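Tertiary structure, described
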Amino acid sequence: MQKHKILLLVLLLLACIFAGILLGSVPLHPASVLRCLAGLDKDSTTYILVNTVRLPRVMGAVLAGMGLATAGVLLQSVMNNSLASPNTIGVNSGAGFAVMLTLMFGGASYCIPAAAFAGALLTTLTIFGLAYAADSSRTTIILAGITVSSFLNAGINTIKLLDTDITVNLTTFMIGSLSGLTFDNLKFPAAAILTALFLSFPAAKSVNVLNLGDDIARSLGLHVILVRLFLLVLSSILSGCVVSYAGLLSFVGLIVPHICRRLFGNDARILLPCSALLGASFVLICDILGRVLFSPFELPAGVLMSFVGGPFFLYLLFRNCRKITDTS
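Along each chain, numbering runs from 1 in the same order as the chain's sequence is written. Where local features are concerned, this predicted model is filtered to residues with pLDDT of at least 70; where side-chain atom pairs are given and counted, the filter is 80 or more; whole-chain, interface and lining totals use all residues. Water and hydrogen atoms play no part in the side-chain values, which are based on all heavy atoms of the structure.

Quick look at the environment of S275
Along the chain, S275 turns up in helix α13 (residues 268-292). Taking the C-alpha atoms as reference points, S275 and I6, 269 residues apart in sequence, are found 10 Å from one another. Apart from the residues lying within four places of it in its own chain, the contact partners of S275 are A69, V73, V256, P257 and C260. We count a stretch as a helix when DSSP gives it H or I for four or more residues in a row; a strand needs E for two or more, and each element gets its number in order from the N terminus. Residue contacts follow a heavy-atom distance rule, with two residues in contact if any of their heavy atoms lie within 4.5 Å.

Next comes the structure, spelled out in structure tokens:
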């Protein structure tokens, strides 16, 4: 049964990739797209459109979905909190603030992914440190993350006001958008995201042990602090590098892991790759709908994610509060 579900996820992703190439303000014929993907018709307008506009955008969406969904699973395990995600605890905002700071000081384009990673990691460590020091409840951790996120977003807006020469559309950056991507934009983030993904999958066994609780994990020989730090670094690479080219995409790391837990259970060996597959499809679907629904105008993918993610987050928040009330 599990194998059938995983196969469906793979087929869904392949269908979304093909739809992402086909659909847009200028719909393309499937036969023409297949010819272009096969390396034919290199002088045609379709070939140029597919290889310079659609393919980079689709690749960016796939990497963004895989990165954010996997980061969400890792953060929820490290924080022991089902509400944790790159968006809800301020990781995305930390990466965004670091990106804007780098641009303000004239940093080169290849420095942006590294800056985004550093900002994401510092923010994650700050939230985790506050939670560890205060022994806070799950809801308090999220509220601390939202507070830090608001502070960092204010910093992003301040930098943009102080330096009007920064070549970033602040509105689309804050919402999250995949328009205008090129292979040059994706070169460094893609290498970092793929490396972090390949490192996170073998760590699934450690994630499973960590989910049993610190005392049991230590009794089983797991070095809890080192594993947590390693997972925090991986989640920061994944979310930070996505922010470096796609802006502050929201709720992917919250929605997708919860859906995959319902479908596949809590075993991280299955949960991590399945979340990556579903996350890629989710971002692609949002991006395609944003291109098609209001054509020839375009709605950033982050707007649709917020429409879906906002109510979903409130549902999870109230459900967790109800559980706490029932146990007390």
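Quick notes on the pattern of salt bridges
By salt bridge we mean one thing: a side-chain nitrogen of Lys or Arg within 4 Å of a carboxyl oxygen of Asp or Glu. Applying the stated criterion to the full structure yields 6 salt bridges. Taking the shortest distance from any N to any O, the salt bridge between R228 and D214 comes out at 3.1 Å. Linking R228 in helix α11 (residues 224-246) with D214 in helix α10 (residues 214-219), this pair joins segments that are 14 residues apart in sequence. Residue exposure (1.4 Å probe, protein chains only): buried if accessible area is under 20% of the type maximum, exposed if over 50%, otherwise partly exposed. You can call D214 partly exposed: its relative accessible area is 26%. Measuring nitrogen to oxygen at the nearest pair gives 2.9 Å for the salt bridge that ties D267 to R269. Judged by its relative accessible area of 57%, R269 falls in the exposed class. The structure contains a network of salt bridges with shared partners spanning R57, D287, R291 and E298.

Comments concerning unusual backbone geometry
You will see that N80, though not glycine, has its phi angle at about 55°, which is positive. Mapped onto the secondary structure, N80 falls in the loop between α3 (45-79) and α4 (91-104). In this structure, F251 is a non-glycine residue whose phi angle is positive, near 70°. Positionally, F251 belongs in the loop between α11 and α12 (252-264).

Quick look at the nonpolar core
Ranked by size, the top nonpolar core spans 97 residues in total, and within it M66, I89, I193, L231, Y245, V252 and M305 carry the most contacts. At 16 residues, α3 tops the list of elements feeding residues into this core. Those residues within four positions of Y245 in sequence are excluded, and the remaining contacts are G60, L63, A64, S177, L178, L181, N185, L186, P189 and I193. To qualify as a nonpolar core, a set must consist of buried Ala, Val, Leu, Ile, Met, Phe, Trp, Tyr and Cys residues joined through side-chain atoms within 4.5 Å.

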